[in-house]
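Listed below are the residues making up each chain.
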Amino acid sequence: MRLLAWGAVSCLLAACASMGRPEGGARDELPPVFVRSNPAPGSVNATPKRMTVVFDENIQLEDAFTKVVVSPPQKTPPTVSSNGRNLYVEFRDTLAPNTTYTIDFADAIKDLNEGNILDGFALDFSTGSELDTLRISGMVLQAENLEPAQGMLVGVYSNLSDTAIHTLPLERIARTNQYGQFTIRNLKEGEYRIFALNDLNRDYHWDRSEDIAFYDVTVRPYTEAIEVTDTLYAADGTDSLIIRQGTRYLPNDVLLNWFNEGYRSAYLSDYKRPDARRITLTFGAPADSLPKISIVDGAGTPGADISEWARLKANATLDTLEYWIADTAIVASDSLRLSVGYFRTDTTDQLSWQTDTLRFNFRDLEKKKKEKKKKDKDDRPKFIVDTITGDTTFLPPADMEYLTLRTLSTSQDLNKPLVLEASLPLQTLDSAGVHFEMLVDTTWIELEAPFRPDSSDLLMRRRLDIDWEPGAKYRLTVDTLAAMSIYNVWNRPFKQEITAKQTEDYASLIFNLPGLDSVQTVVQLVNNSDAPVYQTIKPTGTSTVTLPYLNPGTYYARLIIDANKNGKWDTGSVRDSIQPEEVYYFAKKFDLKKNWDVEQTWDIYELPVDMQKPYAIKKNKPKLKRGEKAPGQDEDEEDEFGSGVYDPFGSGGNRGSSGNRNNSFNTGGRRPMR
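Residues numbered from 1 in each chain as written. Predicted model: local features only at pLDDT ≥ 70, side-chain atom pairs only at ≥ 80, totals over all residues. Heavy atoms only, no water.

Asks: Just give me the short version of the sheet that holds strand β7 (residues 100–106), but keep the residues and values in it.
Replies: An order of β4-β7-β10 is seen for the three strands of this open sheet, with the pairing classed as antiparallel. Looking at which strands have only one partner, the edges of the open sheet turn out to be β4 (69–71) and β10 (121–126). Recorded for the sheet is a direction-independent mean angle of 15 degrees between the axes of neighbouring strands. Pairing geometry for β4 and β7, over three bridges, is antiparallel. Bridge pairing links S71 to T102 in β7. (Pairing = 2+ DSSP bridges. Helix = DSSP H or I, 4+ residues; strand = E, 2+ residues; numbered from the N terminus. Axes fitted to C-alpha atoms, helices over the stretch in contact; angles between N-to-C directions.)

Asks: Break down the packing of aromatic side chains for me, citing the residues and quoting the values.
Replies: A full pass over the atoms with the stated rule returns 22 aromatic pairs. Summarising the aromatic geometry, the rings of F105 and F121 are spaced 5.5 Å apart at their centres and angled 35 degrees between planes, so their arrangement reads as tilted. You can see F105 sitting in strand β7 and its partner F121 sitting in strand β10, a full 16 residues away along the chain. Each member of the pair F105 and F121 is classed as buried. Pairwise contacts between aromatic rings join F34, F55, F105 and F121 into one cluster. Here R202 stacks its cationic end above the ring of F65, 4.4 Å away from the centre of that ring. Sitting over the ring of Y487, R277 keeps its end group 4.3 Å from the ring centre. (Phe/Tyr/Trp six-rings, centres within 6.5 Å; stacked < 30°, edge-to-face > 60°. Buried < 20%, exposed > 50% of the residue type's maximum accessible area, 1.4 Å probe, protein only. Lys NZ or Arg CZ within 6 Å of the ring centre and 35° of its normal.)

Asks: Requested: an account of the pattern of salt bridges, with residues and values cited.
Replies: Within this structure, the stated rule accounts for 33 salt bridges. Each of the salt bridges in this network shares a partner with another, and the network as a whole consists of E62, K67, D107 and K110. (Salt bridge = Lys/Arg side-chain N within 4 Å of Asp/Glu carboxyl O.)

Asks: How would you sum up the nonpolar core? Please name residues and give values.
Replies: If you look at the biggest cluster of nonpolar residues, it comprises 55 residues, and the most contacted ones within it are L281, W309, L338 and L476. When residues no more than four places from it in sequence are discounted, the contact partners of L476 are T407, L418, L420, V434, H435, F436, F451, F494, K495, Q496 and I498. F34, A64, V80 and L95 belong to the second largest nonpolar core, which has 23 residues in total. (Core = buried A, V, L, I, M, F, W, Y, C linked by side-chain atoms within 4.5 Å. Contact = heavy atoms within 4.5 Å.)

Asks: Can you explain the side chain of R193? Please cite residues and give values.
Replies: Inspection of the secondary structure assignment puts R193 in strand β15 (residues 193–197). The exposure class assigned to R193 is buried, which follows from its relative accessible area of 15%. One polar contact links R193 to D162, side chain to side chain, over a distance of 2.9 Å. Those residues within four positions of R193 in sequence are excluded, and the remaining contacts are G155, V156, Y157, L160, S161, D162 and T218. (Polar contact = N/O pair within 3.5 Å; in protein donor to acceptor, adjacent residues only side chain to side chain.)

Asks: Mind laying out the sheet that holds strand β19 (residues 254–258), listing which residues take part and the relevant values?
Replies: In space, the three strands of this open sheet follow the order β14-β11-β19, with mixed pairing throughout. Two strands bound the open sheet, and with one partner strand each, they are β14 (181–187) and β19. Neighbouring strand axes in the sheet, compared pairwise and without regard to direction, differ in orientation by 30 degrees on average. The pairing of strand β11 (residues 134–142) with β19 spans five bridges and is classified as parallel. By the bridge assignment, Q142 is partnered in β19 with W258.

Asks: I'd love a proper account of a nonpolar patch on the surface, names of residues and values included.
Replies: The grouping of F343, L351 and W353 at the surface amounts to a nonpolar patch, some 340 Å² of accessible area in total. Looking at the secondary structure, you find W353 in strand β26 (residues 351–361). The class of W353 is partly exposed, set by a relative accessible area of 44%. (Patch = residues over 30% accessible without salt bridge, like charges linked within 9 Å, V, L, I, M, F, W, Y side chains within 5 Å. Areas by Shrake-Rupley, 256 points an atom, 1.4 Å probe, with all protein chains shown as cover.)

Asks: I'd like a description of unusual backbone geometry, backed by residues and values.
Replies: The omega torsion of the bond from S71 to P72 falls at 0 degrees, within 30 degrees of zero and hence cis. With a phi angle near 55 degrees, D63 is a residue other than glycine that sits in the positive phi range. With respect to the helices and strands, the residue D63 is situated in the loop between β3 (59–61) and α2 (64–67). With phi around 65 degrees, Y204 is a residue other than glycine that occupies positive phi space. Its location among the elements puts Y204 in the loop between β15 and β16 (212–214). By relative accessible area, Y204 is classed as buried at 13%.

Asks: Describe the side chain of Q524, naming the residues involved and giving the relevant values.
Replies: Structurally, Q524 can be placed in strand β41 (residues 521–526). In this structure the side chain of Q524 is engaged in a polar contact, spanning 2.8 Å, whose partner is the side chain of Q535. When residues no more than four places from it in sequence are discounted, the contact partners of Q524 are P532, Y534, Q535, Y556, A557, R558 and I560.

Asks: Lay out the pairing of strand β2 (residues 50–55) with the relevant residues and their values.
Replies: In the sheet, strand β1 (residues 34–38) pairs with β2 via four bridges, with the strands oriented antiparallel. Bridge pairing in β2 places F34 opposite F55. In the sheet, β2 pairs with strand β6 (residues 86–90) via five bridges, with the strands oriented antiparallel. Among the inter-strand pairings, V54 is bridged to a residue of β6, identified as N86.

Asks: Tell me about the pairing of strand β47 (residues 597–601), and please be specific about residues and values.
Replies: Alternating residues of β47 divide into V598 and Q600, all buried, and D597, E599 and T601, none buried. Of the strand pairs in this sheet, strand β40 (residues 507–512) and β47 are connected by five bridges, and their pairing is parallel. Residue S508 lies in a different strand from β47, and its bridge partner there is D597.

Below, the structure written as structure tokens:
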């Protein structure tokens with residue numbers, strides 16, 4: 001795109017005194033400065049096959065194939081190369097007549113010695129007699145976690161049809177920089193729809209599996225006159241201020257939240273028999289029904305449904321299935337052929353029923369070695385008779401299999417159940433053989449222990465829900481034969497002592513959420529990896545939410561506007577024009593200590609949305625200049641209730657010497673940006 005004229009003049013005037021750095025002088029912290037190009041910025045009636053761009057110092061290109069875009073997009077992208085101070089663009093596709101072209105270099109250009117990045121640099125020319133000049137600027141964030149979208153394609157359609165994004169290439173495009181910012185340049189007057197894409201196959205339109213963002217309303221770009229203050233530096237080091245008339249290109253505050261619809265083709269991606277007792281099926285997409293599986297041949301009755309001879313362990317989306325074979329004859333068989341019927345996505349993108357015949361083979365070599373070893377020695381069960389009492393003691397074979405039991409923790413959280421986990425699917429857990437006791441003074445007092453299946457794993461786990469006495473000691477004992485697996489494998493005696501935590505071992509966090517009493521929200525505490533570790537729901541009718549029983553540690557807070565009240569974040573839908581649910585972050589961390597009760601007011605609209613996520617847990621961190629410290633190293637941004645907030649633009653001015661990246665955003669609208 002054409003360089004902003006006054007910005008370019010300012011840069012050139014500033015560079016007049018010296019084009020380089022004297023030996024032994026201050027470190028060069030300025031990016032390369034544009035000198036000239038052929039054709040010149042803003043040229044008309046230009047049809048170049050090759051464009052040459054000259055800078056004031058030696059440059060290098062970084063990932064030009066990905067970062068540099070030509071708008072409108074070309075089927076065959078140009079080649080971009082550099083040599084010394086020169087940059088070359090070789091067009092490999094025919095240029096359309098009467099069209100304004102933009103070459104947007106994003107942040108691909110930097111100087112050779114210090115690596116200072118020239119951000120937002122772009123050039124333009126027209127193959128006709130007129131040059132289009134309007135722009136749309138904004139920012140793209142990941143909807144689920146407010147990560148800045150780096151290198152994402154953003155574009156517009158003047159065709160306002162709902163189907164354009166599915167079938168037509170974007171008309172004019174740009175890429176986001178490391179802060180997620182974009183400027184779509186050289187637009188004609190008119191009305192546009194705006195989209196952002198993770199265009200994996202480079203076809204410049206959306207495929208259902210790709211990440212996407214869309215703006216709710218159409219946009220009509222325009223300009224307004226403004227006064228701009230520039231600083232000019234003379235050769236003797238003195239400076240002066242000038243005020244000039246400039247142009248602001250609007251809108252410059254478009255916020256796009258990208259999401260993935262979660263669309264995946266339905267197909268059988270993998271099937272295995274990892275051991276004699278299990279078969280697993282993995283599908284490419286979530287399902288709302290189970291496959292129909294029956295025996296073709298092998299051990300077992302031909303045609304017998306899998307529900308008759310196996311127990312299912314499945315995840316919530318039914319795309320990962322694990323069947324535990326209960327029929328011992330089938331377990332002993334090395335080969336099993338099954339008929340598996342399921343819904344598969346066909347070539348028309350519709351679900352159709354498909355039936356495959358699959359062979360599940362398993363050779364238990366260790367079992368065969370053991371069987372051979374048994375033949376070579378007497379390994380039959382033995383009985384010892386006490387010659388005095390006449391009592392008989394059974395001695396099982398040394399390699400006899402037992403059902404293993406364990407509790408998930410010996411330090412019991414006061415707000416969680418006691419979970420007992422078995423190594424094999426449980427058939428029975430005899431309550432008469434399960435004893436749960438509490439230590440009172442020096443005496444163990446038995447309590448009722450109504451263990452019930454745990455929804456997290458109905459096959460292997462049982463849970464006990466009780467009101468824990470803080471600091472008390474408990475003991476769980478499971479007698480021999482009290483637990484039996486579906487393979488008639490029983491447990492050895494099991495005993496485990498458990499200590500309940502003290503109430504003062506915990507912290508609690510109370511949020512006052514002004515203005516949110518009419519909506520349901522999900523409040524999450526996340527760790528240093530931005531992964532949720534605690535979650536609670538604030539229902540409608542209140543603006544306060546409490547997170548009790550928090551283990552001491554460092555946390556960050558995230559809030560979801562739970563529009564459909566299902567207790568989780570939900571993605572969007574392009575077809576139904578549904579935006580993903582809104583997400584906000586508390587801008588500072590919480591260092592919680594034992595026996596702390598912290599109450600904090602959290603106004604989710606106090607900060608622009610792009611400034612909310614703490615720098616420490618951002619994954620897409622912008623590259624720091626040499627010698628530049630990350631936010632939080634010597635500032636208050638990472639301190640609890642600190643006031644420091646990371647601003648990548650310092651005073652809010654423009655980055656990059658070209659002055660083309662518009663980084664001044666309004667605070668109005670549904671979710672304000674900086």
